[in-house]
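Next come the chains, spelled out residue by residue.
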Amino acid sequence: MASIDIRNVRKNFGIVSVLHGVDLAIENGEFVVLVGPSGCGKSTLLRMIAGLEEVTEGEIRIDGTRVNERAPKDRDIAMVFQSYALYPHMNVAENMSYGLRIRKAASEKIAAAVGNAARKLELQPLLARRPKALSGGQRQRVAMGRAIVRQPKAFLFDEPLSNLDARLREQMRAEIKKLHRDLGATSIYVTHDQIEAMTLADRIVAMHEGVVQQVGSPLELYDRPANLFVAGFIGSPAMNFLLARYEVSAGTAGARLPDGTLIALSSGYQLEEGAAVTLGIRPEHVEMSPASEGSLRAAVDLIEPTGFGIILHLGLHGLPFNVFTLDRAALTAGPTVTVTFPPQHLHLFDETGKRALTSSLQQGKN
Amino acid sequence: MNRYSILGTALHRLAILCYMGFALFPLFWLLKVSVTPNDLLYSEGVRMWPSRMSFEHFRFVLAHSAFPVFFRNSMIVAGATAAIVTLLASLSGYALSRFTFRGKYWLVALMLLTQMFPLVMLVAPIFKMLSPLGLTNSLTGLVVVYTAFNIPFATFLMQSFFDGIPKELEEAAKIDGATQFMAFRQIILPLTLPGIAATLGFVFTAAWSELLFALMLISGNSAATFPVGLLTFVSKFSVDFGQMMAAGVLALIPACLFFLFIQRYLVQGLTAGAVKG
């Protein structure tokens, strides 16, 4: 087990810069998920930790030792690839033991390690099979088995579940979590799937365009997104955004929408009066209610029942706006509905897209 | 199966059959002439099979001509060329497939350029170069020339096979503890066997049947290869077709054996299951 320190790491491919100075300290035994849209640099960062990409600038330390110049084989890490990358000419047992065999481990030790891993991953009946005779889920398991037999300092996962179907993905997600609980190994997991990030991570690192946007526990990112990017990326269906102006009148703060509606806020913010802001609210926090002060009428474009709940696609002043509700009455909603925004669930972002700071004069949840 | 698909299959098979007939007919004719006795060769007209078969041409070629020498020479030249070219081309093809290095673009362009020359243009300069080195009239000289001419194409061929092997396999091996060379030898090379077999086969047949350089660089029977040797059956006044065809049939044998041996590696699909797909 090991800690991993990433200090001001940059990466350029020719003249293209893909990572602009990443700092991250990963503690011993921690499960960290790097999440972001494709091209945000998360896989590049993982490959740099593995030693498959050179570090242009900055430093990567594993257990306090600088590893920038070390070959992947000398870093004592294991990696699970999106494509599994099983050796097709070797059977499952040979695939799993390859790392130990080239390190010239004793054959009893190899047999014991492979046996253990196979038991843990329920691979015993498959040990003599070649990868092409395995299903996607089984291949995935073998890839994990290959990683754990060596008992490396850290596990790196590069979108390991994206090639599986939805049900299998859920199952493997739970298995990865269990495996981490049992082994307690430092793990870095790259995904673009925010559900995987939310469910697996001790800490999530949200990345966008080569810059770390926010680092925190899953609920921190969900409850208090640091900026518009994180707010829009974490959560499904995604957070709704409305442009507004910040106003304070009669001692209470509010956001004035372009149509003149004043949305009450739960506290004051460190913003100029009249400042342009973006108001954010999650679909599951929007309430549908009879018309009242601060409520908005919206046209119903589409109703999507998910079984568990209902997603309503609305048009609010011509802009798309989603509502998620568990109330089945929404299935029969008319051409328009009235929505209100509970103040405690509103997120306010300033002109630069950063989360606005609440002012110290008024207390509130935000 | 409905009527249209039966018709489609039948037409498809028929087309393949026509092609096979077209491609194999010369070989059949070769065999037919080689077993036709001399007295029947011109007297029977055009027949699909002679009324009497004889192996006299084979006996003569094996016992009384220099054919065994030509055969041995060709084996040495084609075998050595195939081995050397495949070894070098697999290394260079791997480098072109996996590494980025300075001048890679120009190197590839240069290799392509060598493929654009008509070989006839190069006969004189090559003779001039090899002559002072004592490499004319020697099998080594032929191996050197054939190797040089076959490497560019073989490199591209091997590169395309390496390109087909996912990069992740090597990366996984490197993370598992292998060096670059170990990953190449233990993971990539076994998966490239079809490519190696194809390259070996291609270069072997190219060297086996090469005539131009063999004719220009070799004089005399001792270092002549089989294609040059075939010309000895052509004299000023006649062509001994029977013996020539018998020699041709014998010359086909090693090529056939060679492909029989490598055909199991030529079968694709060895990499199935490496990655999702």
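Given the structure is predicted, the values throughout are model-derived calculations rather than measurements.

(A) Examining the interface of chain B and chain A more closely. If you look at the interface, chain B gives 24 residues, while chain A gives 27 residues. Summed over both sides, the interface of chain B with chain A buries roughly 2200 Å², with 62% coming from carbon and sulfur. Glutamate 171 of chain B is paired through a salt bridge with arginine 47 of chain A; the nearest N and O atoms lie 2.6 Å apart. Of all elements in the fold, only helix H8 (167-176) and helix H9 (180-191) of chain B reach the threshold of two or more residues within the side of chain B that touches chain A. Its residues placed into classes, the side of chain B that touches chain A shows 13 nonpolar, 6 polar and 5 charged.

(B) Quick look at the UniProt feature "domain: ABC transporter" (unreviewed entry) in chain A. The UniProt entry lists residues 4-234 of chain A under the feature "domain: ABC transporter" (unreviewed entry), expressed in the numbering used here. In this annotation, residues 4-234 of chain A is assigned 37% helix and 26% strand; the end-to-end C-alpha distance for the span is 25 Å.

(C) Geometry of the UniProt feature "transmembrane region" (unreviewed entry) in chain B. Residue and element names in this part refer to chain B. Taking the UniProt record as the reference, the feature "transmembrane region" (unreviewed entry) is found at residues 12-31, 75-96, 105-127, 183-205, 211-234 and 246-267. When the span residues 12-31 is considered, its composition is 100% helix and 0% strand, and the gap between its end C-alpha atoms is 28 Å. With 100% helix and 0% strand, residues 75-96 has its two end C-alpha atoms placed 30 Å apart.

(D) Quick peek at the pairing of strand S4 (residues 57-62) of chain A. Residue and element names in this part refer to chain A. Examined bridge by bridge, strand S1 (residues 4-13) and S4 share 5 bridges and lie antiparallel to one another. Its bridge partner being in S4, aspartate 5 is matched across the sheet by arginine 61. Where S4 meets strand S5 (residues 65-66), 2 bridges bridge the pair, whose relative direction is antiparallel. Across the sheet, the residue bridging to arginine 61 is arginine 66, located in S5. Hairpin connection of S4 to S5: 2 residues between the antiparallel strands, including aspartate 63 at a positive phi of 55 degrees.

(E) Quick peek at the environment of isoleucine 310 of chain A. Residue and element names in this part refer to chain A. Note on placement: isoleucine 310 falls in strand S17 (residues 310-316). The spacing of isoleucine 310 and serine 187 is 123 residues in sequence and 36 Å in space, taken between C-alpha atoms. In this structure, isoleucine 310 is in contact with Ile303, Glu304, Pro305, Val323, Phe324, Thr325, Asp327, Arg328, Ala330 and Leu331, ignoring residues within four places of it in sequence.

(F) Representation of the sheet that holds strand S19 (residues 336-340) of chain A within the structure. Residues and elements named next belong to chain A. Taken in spatial order, the 5 strands make up an open sheet running S15-S19-S16-S17-S18, and their pairing is antiparallel. Lying at the two open borders of the sheet, with one neighbouring strand each, are strand S15 (287-288) and strand S18 (319-325). Both S17 and S18 contribute to a ladder of 7 bridges, which runs antiparallel. Within S18, the position partnered with leucine 312 by the bridge is valine 323.

(G) How the structure looks around the confidence of the model for chain B. All names here are of chain B. Looking at chain B as a whole, the pLDDT averages 86, with 95% of positions reaching at least 70. The low-confidence segment residues 269-273, where pLDDT is below 50, has 13 contacts with residues more than four positions distant or belonging to other chains. Both scores are given for the predicted complex: the pTM is 0.79, the ipTM 0.84.

(H) Looking closely at the confidence of the model for chain A. Looking at chain A as a whole, its pLDDT mean stands at 91, while 98% of the residues score no less than 70. A low-confidence stretch, residues 361-366 of chain A stays under pLDDT 50, and its non-local contacts, those more than four residues away or across chains, total 18 contacts.

(I) Fine view of the sheet that holds strand S13 (residues 262-264) of chain A. Residue and element names in this part refer to chain A. A sheet is described by the order of its strands in space; here 5 strands give the open sequence S13-S12-S11-S14-S20, paired in antiparallel fashion. Looking along the sheet, the strands with just one partner apiece sit at the ends: S13 and strand S20 (347-349). When strand polarity is set aside, the average angle formed by the axes of neighbouring strands in this sheet is 45 degrees. Inspection of the sheet shows strand S11 (residues 240-249) paired to strand S14 (residues 276-281) by 6 bridges, in the antiparallel sense. Bridged to asparagine 240 within S14 is isoleucine 281.

(J) Spotlight on the packing of helix H6 (residues 120-130) of chain B against helix H7 (residues 139-163) of chain B. All names here are of chain B. Between H6 and H7, the shortest axis-to-axis distance is 12 Å and the interhelical angle comes to 135 degrees. The angle between H6 and H7 places the two elements in the oblique class. Crossing of H6 over H7 shows right-handed handedness. The segment H6 lies against H7, with Leu122, Ile126 and Leu130 engaging Gly141, Val145 and Phe149. Here the contact of H6 with H7 is built from residues that sort into 5 nonpolar, 1 polar and no charged.

(K) Fine view of the environment of alanine 173 of chain B. One can find alanine 173 of chain B in helix H8. When its relative accessible area of 0% is taken as the criterion, alanine 173 of chain B is described as buried. A sequence separation of 15 residues divides alanine 173 of chain B from isoleucine 188 of chain B, and the C-alpha atoms of the two residues are 9.9 Å apart. Residues within four places of alanine 173 of chain B in sequence aside, it is in contact with Tyr87 and Tyr98 of chain A together with Ala178, Ala183 and Ile187 of chain B.

(L) Structural detail: the pairing of strand S7 (residues 154-158) of chain A. Residues and elements named next belong to chain A. Counting buried residues along S7, 5 of its 5 residues qualify, which places the element largely inside the surrounding structure. Burial along S7 is two-sided: the face carrying Ala154, Leu156 and Asp158 and the face carrying Phe155 and Phe157 are both buried. Relative to strand S8 (residues 186-191), S7 runs parallel, the two being bridged by 5 bridges. Within S8, the residue paired with aspartate 158 across the bridge is valine 190. For the crossover from S7 across helix H5 (residues 166-183) to S8, the handedness is right-handed.

(M) The environment of serine 187 of chain A, seen in detail. All names here are of chain A. In this structure, serine 187 sits in strand S8. Remark: the alpha-carbon pair of serine 187 and proline 37, spanning 150 residues in sequence, is separated by 20 Å. Residues contacting serine 187, with those up to four places away along its chain left out, are Glu30, Phe31, Val32, Phe155, Phe157 and His180. Separated by 3.0 Å, the side chain of serine 187 and the backbone oxygen of alanine 185 make a polar contact.

(N) The arrangement of the UniProt feature "domain: ABC transmembrane type-1" (unreviewed entry) in chain B in detail. Mapped onto this numbering, the UniProt entry annotates "domain: ABC transmembrane type-1" (unreviewed entry) at residues 71-262 of chain B. Between the end C-alpha atoms of residues 71-262 of chain B the distance is 21 Å, and the span holds 76% helix and 0% strand.

(O) Quick peek at the packing of aromatic side chains. All names here are of chain B. This model, assessed by the stated rule, comprises 28 aromatic pairs over all chains. Between phenylalanine 55 and phenylalanine 58, the aromatic rings sit 5.9 Å apart at their centres with planes inclined by 50 degrees, giving tilted as the arrangement. Judged by its relative accessible area of 13%, phenylalanine 58 falls in the buried class. Look at tyrosine 105 and tryptophan 106: their rings are 5.2 Å apart centre to centre, the planes differ by 90 degrees, and that puts the pair in the edge-to-face class.

Analysis parameters
- Residues numbered from 1 in each chain as written.
- Chains lettered and ligands numbered in written order.
- Predicted model: local features only at pLDDT ≥ 70, side-chain atom pairs only at ≥ 80, totals over all residues.
- Heavy atoms only, no water.
- Contact = heavy atoms within 4.5 Å.
- Buried area = accessible area lost by both parts, 1.4 Å probe.
- Salt bridge = Lys/Arg side-chain N within 4 Å of Asp/Glu carboxyl O.
- Helix = DSSP H or I, 4+ residues; strand = E, 2+ residues; numbered from the N terminus.
- Nonpolar A, V, L, I, M, F, W, Y, C, P; charged D, E, K, R; others polar.
- UniProt positions renumbered as here; feature names shortened; annotations may be inferred.
- Pairing = 2+ DSSP bridges.
- pLDDT = per-residue confidence, 0-100.
- Axes fitted to C-alpha atoms, helices over the stretch in contact; angles between N-to-C directions.
- Parallel < 35°, antiparallel > 145°, perpendicular 65-115°, else oblique.
- Left-handed = near helix turned anticlockwise from the far one by under 90°.
- Buried < 20%, exposed > 50% of the residue type's maximum accessible area, 1.4 Å probe, protein only.
- Right-handed = clockwise from strand over helix to strand, strands pointing away.
- Polar contact = N/O pair within 3.5 Å; in protein donor to acceptor, adjacent residues only side chain to side chain.
- Phe/Tyr/Trp six-rings, centres within 6.5 Å; stacked < 30°, edge-to-face > 60°.

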